[in-house]
Amino acid sequence: MELDDLKQQLKQKLSQPATEYSETDIALLLKGQAQSVLDKLKRSLWLEIIFSIVFTIAFIAVALSKAGFVMRAYFGSFLIITVGFGLFQYYLVKYIDKTATAPLPVKENLSVINAILSRYVKRVYWLSMLLLPLCLFYSLWLHQIEYSRLHADVAERIFSPKTTTVWLKALAAVALLSIPQHFFTRWYLHKLYGVYLQKLRGYIQELQQPEEKVAGL
Amino acid sequence: MPESAEFIALLSQHRNIIHKVCNLYMDNSEQREDLFQEITLQAWKSYPHFKGDARFSTWLYRVALNTAITYFKKEQRRSAVVLATNFPETSDTPDPVQEQLMAMYKAIATLSKIDKALVMLYLEDYSYQEIGDMLGITANNVAVKMNRVKSRLKEESKKHYEPAQ
């Protein structure tokens, strides 16, 4: 039994609708929400942009408040990071809009989705891994600066065994927390996008198979 | 005519393309309805890019196949049996042609999403060059893959169809 022998019948059977849609039904369908992985990613990005705006406002409020120098410097620095983060997310949304709405050939379309998701996953991983040490060491450093502004015995204090112990403890805490953080982040990202990415890469590979290799099968 | 009315009219004329893709890629009517909506939405989003330099049907095939291949929502463990039994109903009376069709459905269900796209476009009588353009591979590669798919379907359908002696 060959595919060609059943070509017409197959075409006919495949055309049978599961549900009949009138033009009115189609118009209603257009009001729905798309469920593709990129549409979901765009919704996540918009949510992150909204969070960035909220945090930006909060950080501006703290930076302009009468709080001490350390607090203002700390939140002022994160204000810049948050604004940069929000702008980058917005760029990514626009990039998805620009590249992913044009109907590309299947292989190219798969490659674009794979590239966008891979980049996003990598960025989320590194951001979550760097955030904790950055916050901790930056606050310790600012604390040293604040101390040096108020006291004369700066050198003595900075190079004291007590300060060294604090820094070493912070370093140990970061190292210890980084291990579960690494596994949790990887697990979480794999759960969100890992399986999907594996399938996408499988399809790309399937389309990339060299002809010689396929012919030799 | 407003753009949406024009799009709806065009899509309505060609909706059997979406039905074919949904029937080929999804196991049950609920999943087919979900995929139908998704393809409709993606086509609507992409419609501003449709310049009219290609046939609407070819353009819609591209959108529909891209959507079906990258669509994983509510995907369940599939089996050839599930797909075949949920396929558009065939006659109740035993008929060798219907049995062969069912066997071929079961065979097609075992193919990968990419190979299903090849079969879909092949059934629509697109040339290897056109299929290659839609999939983003060479016509030569399409020919090689198509031969492989046909052989596999032949072998696979044999498992599900025993001709009466």
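Numbering of residues starts from 1 in every chain and runs along the sequence as written. Think of it this way: whatever chain is written first is A, whatever ligand is written first is 1, and the rest follow in order. Whole-chain, interface and lining totals are the exception, using all residues; otherwise, since this is a predicted model, local features are given only for residues with pLDDT of at least 70 and side-chain atom pairs are given and counted only at 80 or more. Note that water and hydrogens are dropped before the side-chain values are worked out from all heavy atoms of the structure.

An unreviewed UniProt entry lists chain B under the name DNA-directed RNA polymerase sigma-70 factor, from Filimonas zeae. UniProt positions are given in the numbering used here, feature names are shortened, and annotations may be inferred rather than shown by experiment. Regarding chain B, the relevant UniProt record gives this comment under Sequence similarities (unreviewed entry): "Belongs to the sigma-70 factor family. ECF subfamily."

Novice: Help me understand helix α8 (residues 128–135) of chain B in this model?
Specialist: Exposed residues in this analysis have more than 50% of their type's maximum accessible area, buried residues have under 20%, and partly exposed residues fall in between, with area computed by a 1.4 Å probe over protein chains only. In this description a helix means any DSSP run of H or I spanning at least four residues, a strand means any run of E spanning at least two, and both kinds are numbered starting from the N terminus. Of all the residues in α8(B), the buried ones are Ile131(B), Gly132(B), Met134(B) and Leu135(B). The buried residues of α8(B) occupy an angular sector of 165 degrees when the element is viewed end-on, so they sit on one face. Here, two residues are considered to be in contact whenever any of their heavy atoms come within 4.5 Å of each other. Its buried side turned inward, α8(B) meets α5 (106–150) and α7 (161–208) of chain A together with α4 (56–69), α7 (113–123) and α9 (139–160) of chain B. Regarding the arc, it is the one traced by the directions from the helix axis to the C-beta atoms.

Novice: How do you make sense of the interface of chain A and chain B when you look at a structure like this?
Specialist: Bring the parts together and some accessible area is lost; that lost area is often taken as the interface size. At the junction of the two partners, chain A supplies 50 residues and chain B supplies 72 residues. When two parts are put together, the accessible area they lose, computed with a 1.4 Å probe and summed over both, is reported as buried area. Both sides of the chain A and chain B interface together cover about 5,700 Å² of buried area, and 64% of this is carbon and sulfur. Taken as a group, Met1(A), Leu3(A) and Leu14(A) account for 14% of the area that chain A buries against chain B, more than any other trio of residues on that side. Its salt-bridge partner being Asp125(B), residue Lys11(A) comes within 3.8 Å of it at the nearest N-O pair. Here a polar contact means two N or O atoms within 3.5 Å. Within protein one must be a hydrogen donor candidate and the other an acceptor candidate, and residues neighboring in sequence count only if both atoms are side-chain atoms. Joining chain A to chain B, the criterion identifies 22 residue pairs in polar contact (both at pLDDT 80 or more). When contributions to the side of chain A that touches chain B are tallied by element, the ones reaching two or more residues are α1 (7–14), α2 (23–29), α5, α7 and α8 (211–215) of chain A. Residues are grouped as follows: Ala, Val, Leu, Ile, Met, Phe, Trp, Tyr, Cys and Pro are nonpolar; Asp, Glu, Lys and Arg are charged; all remaining types, including Gly, are polar. Looking at side-chain class alone, the side of chain A that touches chain B contains 27 nonpolar, 11 polar and 12 charged residues. The term salt bridge refers to a pairing of a side-chain nitrogen on Lys or Arg with a carboxyl oxygen on Asp or Glu at a separation within 4 Å.

Novice: Just to check I follow, could you spell out the confidence of the model for chain A for this structure?
Specialist: Caution is warranted with low-pLDDT regions, since their predicted coordinates should not be read in detail. All names here are of chain A. Per-residue confidence for chain A gives a mean pLDDT of 85, with 93% of residues at or over 70. A residue's pLDDT is simply how confident the predictor is in it, with values from 0 to 100. Mean pLDDT per element in chain A: α8 is the minimum at 41, and helix α3 (residues 37–63) is the maximum at 90. Confidence drops under pLDDT 50 across residues 211–217; counting only partners more than four residues distant or on other chains, this segment forms 9 contacts.

Novice: Would you mind going over the packing of aromatic side chains with me for this structure?
Specialist: Each aromatic ring pair is characterised by the separation of its centres together with the angle its planes make. In this analysis, rings of Phe, Tyr and Trp, with Trp reduced to its six-membered ring, are considered paired at centre separations within 6.5 Å, and the interplanar angle assigns stacked below 30 degrees, edge-to-face beyond 60, and tilted for intermediate values. With the rule as written, the count across this model stands at 27 aromatic pairs over all chains. Relative to Phe36(B), the ring of Tyr21(A) has its centre 4.0 Å away and its plane inclined at 10 degrees; by these criteria the two rings are stacked. On the criterion of chain membership, the pair formed by Tyr21(A) in the loop between α1 and α2 and Phe36(B) in helix α3 (residues 29–46) is interchain, its members lying in two chains. We note that Tyr21(A), like Phe36(B), is buried. Consider the rings of Phe50(B) and Trp59(B), whose centres lie 5.2 Å apart with planes at 50 degrees: the pair is tilted. Seen from the ring of Tyr122(B), Lys7(A) lies directly overhead, with NZ or CZ sitting 4.3 Å from the centre. Charges are assigned to positions over rings by a cutoff of 6 Å between ring centre and Lys NZ or Arg CZ, combined with an angular limit of 35 degrees from the ring normal.

Novice: Looking at this structure, how should I read the confidence of the model for chain B?
Specialist: Residue and element names in this part refer to chain B. With 84% of its residues at a pLDDT of at least 70, chain B reaches an overall mean of 85. No element of chain B has a lower mean pLDDT than helix α5 (residues 80–85), at 48, and none a higher one than α7, at 95. Segment residues 77–82: pLDDT under 50, and 8 contacts once partners within four positions in sequence are set aside and those in other chains are kept.

Novice: Even after reading the chapter, I still don't get the UniProt feature "transmembrane region" (unreviewed entry) in chain A, so can you show me in this structure?
Specialist: With numbering matched to this structure, UniProt assigns "transmembrane region" (unreviewed entry) to residues 45–65, 71–93, 124–141 and 166–189 of chain A. With 100% helix and 0% strand, the stretch residues 124–141 of chain A has end C-alpha atoms that lie 25 Å from each other.

Novice: Where do I start with the packing of α3(A) against α5(A) in this structure?
Specialist: Two measures define how a pair of helices packs: the angle their axes make with one another and the distance between the axes. Residues and elements named next belong to chain A. As a rule, the C-alpha atoms of each element are fitted with a line to give its axis, helices using only the stretch in contact, and angles between N-to-C directions run from 0 to 180 degrees. Across the interface, α3 lies against α5 with an axial gap of 11 Å and an inter-helix angle of 35 degrees. Crossing handedness for the pair α3 and α5: left-handed. Counted together, Val37, Leu38, Leu41, Ser44, Leu45 and Glu48 of α3 and Ile113, Ile116, Leu117, Tyr120 and Arg123 of α5 form the full contact between these two elements. Taken together, the residues of the contact of α3 with α5 sort by class into 8 nonpolar, 1 polar and 2 charged. Should the near helix be turned anticlockwise from the far one by less than a right angle, the crossing is left-handed, and should it be turned clockwise, the crossing is right-handed.

Novice: Any chance you could explain the pattern of salt bridges here in plain terms?
Specialist: Two side chains that carry opposite charge are able to pair once their charged atoms sit near each other. Residue and element names in this part refer to chain A. Throughout the structure, instances matching the rule amount to 11 salt bridges over all chains. A salt bridge links Asp97 to Lys42, with the shortest nitrogen-to-oxygen separation between them at 2.5 Å. Taken together, the residues span a long stretch of sequence, with Asp97 in helix α4 (residues 69–100) and Lys42 in helix α3 at a distance of 55 residues. Residue Asp97 is classed as partly exposed on the basis of its relative accessible area, which comes to 24%.

Novice: Please explain unusual backbone geometry as it appears in this structure.
Specialist: Note: most peptide bonds trans; most residues except glycine with negative phi. One non-glycine residue, Asp125(B), lies in the positive phi region at around 65 degrees. Along the polypeptide, Asp125(B) turns up in the loop between α7 and α8.

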